[in-house]
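Below are the chains, spelled out letter by letter.
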Amino acid sequence: MKHTINARKCAHCGKGMRPPTKGRGKTNLCHTCINNRDSLPEEYFCKGVSKYTGKRCKKITMGEYCSQHKKQGEDNAKEYNSKKENKKDA
């Protein structure tokens, strides 16, 4: 077993990774897992839905929504909270 200075591990397979560069490294997934998208569970993909096609976004993200669909997540949270408040009033 090799010892690494930067002990970053892939969130999916647990394999060791090198430190991130400036522009990349926003996800905690190794290069192998990112290239093999079919083996990744849905928790690593954006939950946003395209308004034009009606299909789910295919971007890999560690949060719930990618930067393009972040507004959808904010709108869904507001809608959820307003439904919660309406139930309390009833």
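Since the structure is predicted, the reported quantities are computational estimates derived from the model, not experimental observations.

Next up on the list: the side chain of H69. Tracing the backbone shows H69 in the loop between α1 (31–35) and α2 (70–89). Setting aside residues up to four positions removed in sequence, H69 forms contacts with C46, G48, V49, S50 and C57.

Looking now at the environment of N28. Tracing the chain through its elements places N28 in the loop between β2 (16–17) and α1. Each C-alpha atom of the pair N28 and K9 lies 7.2 Å from the other, and the pair is 19 residues apart in sequence.

Now for the side chain of T61. Structurally, T61 can be placed in the loop between α1 and α2. When sequence neighbours within four positions are dropped, the list of residues in contact with T61 reads E43, Y44, F45, C46 and C66.

For the rest of this paragraph, the subject is the confidence of the model for the chain. Looking at the chain, pLDDT values average 75 and 67% of them are 70 or higher. When mean pLDDT is taken per element in the chain, α1 scores highest with 84 and α2 scores lowest with 66.

In this structure the tally under the stated criterion is 2 salt bridges. E42 is the salt-bridge partner of R56, the closest N and O atoms lying 2.8 Å from each other. Taken as a pair, R56 in the loop between α1 and α2 and E42 in the loop between α1 and α2 lie far apart in primary sequence, 14 residues in all. By relative accessible area, which is 37% here, R56 ends up partly exposed. By relative accessible area, E42 is classed as exposed at 56%. K47 is the salt-bridge partner of E64, the closest N and O atoms lying 3.9 Å from each other. Of this pair, E64 sits in the loop between α1 and α2 while K47 sits in the loop between α1 and α2, and the two are 17 residues apart along the sequence.

Rules and cut-offs
- Residues numbered from 1 in each chain as written.
- Predicted model: local features only at pLDDT ≥ 70, side-chain atom pairs only at ≥ 80, totals over all residues.
- Heavy atoms only, no water.
- Helix = DSSP H or I, 4+ residues; strand = E, 2+ residues; numbered from the N terminus.
- Contact = heavy atoms within 4.5 Å.
- pLDDT = per-residue confidence, 0-100.
- Salt bridge = Lys/Arg side-chain N within 4 Å of Asp/Glu carboxyl O.
- Buried < 20%, exposed > 50% of the residue type's maximum accessible area, 1.4 Å probe, protein only.

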